[in-house]
Amino acid sequence: MSHDGVGLRAVMRSAAFLTAGVLAVPLLSACSADDEGDRPAAAQDIAPASRDQVADGGTLRWAVDAVPETLNAFQADADAATSRVAGAVLPSMYRLDANGRPQINPAYLESAKVVGTEPKQVVLYKLNQQAVWSDGREIGAADFAAQWRALSGKDSAYWTARNAGYDRIEKIERGKNNLEVRVTFARPYADWKSLFSPLYPKSVMGTADSFNDGARRKLKVSAGPFAVKKVDVKGGQVQLTRNPRWWGSPTKLSEIDLVAVARDKRATALAADELDMAEIDPADAERITAARGRSGPLKGASATGTQSPGTGRDKGDKDDSGEKTGKSKDEKARDDGKSKSESDSDESSDGDEKDTSGAEGSKAKAADQQAALSAFVVRKSLEPAYTQLALNGSEGPLADERVRRAVARALDRKELAKVVLKPLGLPAEPVGSHLALIGQAAYSDNSGALGGQDTAEARALLADAGWVPGGPVTEQKKTEKAAGSKGKKADTDDSPGDDGTYIVGEDNKPSEADRDLRKDPKDHTGAHERTSAQSGIQADEQQAGKQYAKQGGAQGAYAPKGTAAPAGAASGALAKDGKPLTLRFVLPSGQGSESLRAVADRIAQMLQRIGIRTDISKVSDASYFKDHIASGQYDLALYSWPGSAYPATDARPIYSKPVPAADGSLSVEQNYTRVGTDQVDQLFDQALSTLDEGEERSLVRKADARIWAAAGSIPLYQRPQLTAVRTGLANAGAFGFQTPVYEDMGFLKKGAHPVASPSKTG
């Protein structure tokens, strides 16, 4: 999960309230709507080009949030960078297509199918006879068996983050020959295609010691188009180089360098010719678009500028606008036969002749940086993750399903999606499912199980729950909480005098979101550079750990002090038993959070219209997930979860009903809203156990309808994916659902042009 986003599936799997039966659930049969999942809401934007148009050689410098703590994707501290390395250097039996659906990876598999169901499910894998590890050994049953034993959960000596699916396997054996692997399951497993992707060699998985420590900073044996050359923690870089034993289509790039650069530093790094590709925030995307002489919503068409097969563009090349591109310091130094340091030294020695001090110097530097950004284009799509409003149902007013449903019915989800996506020229469609995204086979809009925006119905639900306007309110002591969750005092990064907590709607001052929106869109100074908390927090998210934790790094968002009550707001706060209805809205305070801040502000205004006040608490990113979301110290929160091709497996821990632990606490797995039902658990179990794909999709949709009806979390919008890419880089950018094809990425030959791939802006 991420504060604003979430992490990858590899990380996502790291890691007491029954819905009242009196409320109608009209869509429990789940609409068929097979046509809803035909296409993703926005196409990927990667400047596709045929391999014969891509030059051989060159180094791609690709930004990551940090050097990965481990190269083992099955450990708890794995993150997005871990998954990126694994995708480039290890086998995956299946990879996702542009619609987020698993497809056989022909580099490793000739076929894979269920060959028996009685008395046990048996899957037969037929491997590509050319598939070998970098040490020359054939990929085979021994590797499959070692990974199964490591991840089965039967040996606690292996420090694994998850065992979903592997715990259902009974045995793995060699087939008729070395190219066949037979996997027999003790219990039927619908999502068997999720297994062995990635696949590690038996030298890593064979013993607990090698699993725990053998693949953290190095990976001696690999079997992908690239291999790990060096993990330079101090230098903040992972170097991947061509695998000389790769049997597939030859890699176009000679090397991929994964460079650790914080989000708020990426525009500077791009302008300084230190990166060729980086995911960026909307403010930096706007700067790049402006540098290229464009205005209005961000354009989706990929640039066609030519590029030499090196890390930088050809000197004096033209971009797709026909304008000459400037040279970076590195290029000028190379032209003169000097190193960058020598070039910098020369510039320094001329300092007395240049007036670079004060405002004029800053303006000149900003202008140079802006000019350098014209060498890049923004490629955009929708990330395979969605942002949700989480409602903590463990205590307080939200323990009552009627109050949760009232909150949900107060929201105009279409408006909230527009706040984030419309300025970027992306389709502003609310997400209609917790378990799949538009384009995926299991997708169906089941939001009707809860109902759309309806202020009158929301007020009626609150009245039925006993919350009435103008009711008597007992004066509270300063240390006493309103009717929301108990919560800890918010830790804050604010200036003295601001405790980080305040009530939305206290006066008529403009909201911070409004102030952000009023800023001059042409102001592209460095002050507009912002960080992204990956997601989130990559939340545990593990962040939802690192995952789905690191999964993302979520961005902070909060409604500002003094947000005015909207016109038409309910007169008088609602009250019950002497307490006003005030919900604690906890949000991270980190930078790069403009869009989330605006969303939180709009939500607070929508809730005030039905008489619910929001007590906004902005907390540090470091404590947001661990101290607030995971521990249940909130009423409302914004964070994200990724979409999965295997929702019956991956989503179950997020929505399963919390159960009491042996120590008396509540075991919630990843269900941080603490809202779950027996029916949802049963539907997930049935979906996992059927081998009929159509039946599995139907059961997943029924489970989603039940989750909507429980109103523990409200999906809002699919997260934007904005990637700055050097013009001339092909088959790379905003990948959307699709697994990157690393061997096809590279720089275009002179005169070559990619196929146009505009993002859908409907």
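Residues numbered from 1 in each chain as written. Predicted model: local features only at pLDDT ≥ 70, side-chain atom pairs only at ≥ 80, totals over all residues. Heavy atoms only, no water.

Engineer: How do you make sense of the sheet that holds strand β5 (residues 122-127) when you look at a structure like this?
Structural biologist: If you walk across this open sheet you meet the four strands as β4-β5-β7-β6, and the pairing is antiparallel. Each edge of the open sheet is held by one strand with a lone partner, namely β4 (109-116) and β6 (169-174). Averaged over all pairs of adjacent strands, the angle between their axes in this sheet comes to 15°, without regard to strand direction. Direction of pairing for β4 relative to β5: antiparallel, over a ladder of six bridges. Across the sheet, the residue bridging to Ala112 is Tyr125, located in β5. Sheet contacts for helix α3 (residues 141-151): β5, β6 and β7 (180-185); angle to β6, the most-contacted strand, approximately 160°. (Pairing = 2+ DSSP bridges. Helix = DSSP H or I, 4+ residues; strand = E, 2+ residues; numbered from the N terminus. Axes fitted to C-alpha atoms, helices over the stretch in contact; angles between N-to-C directions. Contact = heavy atoms within 4.5 Å.)

Engineer: Honestly, the pattern of salt bridges in this entry has me stumped. Any pointers?
Structural biologist: Note that side chains of opposite charge can pair when their charged atoms are close. Tallying each qualifying case throughout the model produces 26 salt bridges. Of the charged contacts in the structure, one is a salt bridge between Lys229 and Glu255, with a shortest N-O distance of 3.9 Å. On the criterion of sequence distance, the pair formed by Lys229 in strand β8 (residues 226-232) and Glu255 in strand β10 (residues 255-260) is long-range, its members being 26 residues apart. Residue Glu255 is classed as buried on the basis of its relative accessible area of 12%. A cluster of three or more residues bridged by salt bridges with shared partners is formed by Asp65, Arg263, Arg266, Glu279 and Asp281. (Salt bridge = Lys/Arg side-chain N within 4 Å of Asp/Glu carboxyl O. Buried < 20%, exposed > 50% of the residue type's maximum accessible area, 1.4 Å probe, protein only.)

Engineer: Which parts of the structure should I look at to understand unusual backbone geometry?
Structural biologist: Peptide bonds are trans in most cases, and residues, glycine excluded, mostly fall at negative phi. Note the cis peptide between Glu118 and Pro119, where omega equals 0°. Of note, Pro119 is situated in the loop between β4 and β5. Cis geometry is found at the peptide bond from Ser197 to Pro198, where omega equals 5°. By secondary structure assignment, the location of Pro198 is in the loop between β7 and α4 (202-205). Positive phi is not limited to glycine here, since Arg674 has a value of about 60°. Inspection of the secondary structure puts Arg674 in the loop between β23 (666-667) and α19 (678-689). The class for Arg674 is buried, based on a relative accessible area of 7%. The backbone of Ala711 sits at a positive phi, close to 55°, despite the residue not being glycine. By relative accessible area, which is 0% here, Ala711 ends up buried.

Engineer: Help me understand the environment of Ala267, please; the structure alone is not making it clear to me.
Structural biologist: Structurally, the position occupied by Ala267 is in helix α6 (residues 266-271). The buried category is assigned to Ala267, whose relative accessible area is 3%. In this structure, the C-alpha to C-alpha distance between Ala267 and Asp284, residues 17 residues apart in sequence, is 6.3 Å.

Engineer: Sorry, what's going on with the side chain of Ser222 here?
Structural biologist: Positionally, Ser222 belongs in the loop between α5 (208-213) and β8. Once residues within four sequence positions are removed from consideration, Ser222 is found in contact with Val89, Leu90, Val132, Trp133, Ser134 and Ala227.

Engineer: Would you take a moment to explain α3 for this structure?
Structural biologist: An α-helical segment advances 3.6 residues per turn. Residues three or four places apart therefore align on the same side. In terms of burial, α3 is a largely internal element, nine of the eleven residues being buried. For α3, every residue scored as buried is listed here: Ala141, Asp143, Phe144, Ala145, Ala146, Gln147, Trp148, Ala150 and Leu151. On the buried face of α3, the contacting elements are β5, β6, β7, α4 and α5. Count one or two residues on from α3 and you reach Gly153, which has phi positive near 85°.

Engineer: Mind showing me how you'd approach the environment of His753 here?
Structural biologist: With respect to the helices and strands, His753 occurs in the segment after β26 (746-747). What makes His753 partly exposed here is its relative accessible area of 45%.

Engineer: Help me out: how do you make sense of α19 in this one?
Structural biologist: For α19, built from twelve residues, the straight-helix expectation of 16 Å at 1.5 Å per residue is met to within 8% by its first-to-last C-alpha distance of 17 Å. Taken as a whole, α19 has its buried residues at Val680, Asp681, Leu683, Phe684, Ala687 and Leu688. The arc enclosing the buried residues of α19, seen along the axis, measures out at 165°, which places them on a common side. Of the surrounding secondary structure, the elements contacted by the buried residues of α19 are α17 (647-650), α18 (652-655) and α20 (693-710). (Expected span 1.5 Å × (residues − 1). Arc of directions from axis to C-beta.)

Engineer: Even after reading the chapter, I still don't get the nonpolar core, so can you show me in this structure?
Structural biologist: Side chains of nonpolar character tend, in soluble globular proteins, to be buried together. Residues Tyr125, Phe196 and Leu389 are the most contacted members of the largest nonpolar core, which totals 178 residues. No other element matches strand β12 (residues 376-391), which puts eight residues into this core. Discounting residues that sit within four places of it in the chain, Phe196 has contacts with Pro91, Ser92, Met93, Tyr125, Phe144, Gln147, Tyr166, Ile169, Ile172 and Val183. The next biggest cluster of nonpolar side chains, apart from the first, holds five residues, and it includes Ala49, Val54, Leu748 and Ala752. (Core = buried A, V, L, I, M, F, W, Y, C linked by side-chain atoms within 4.5 Å.)

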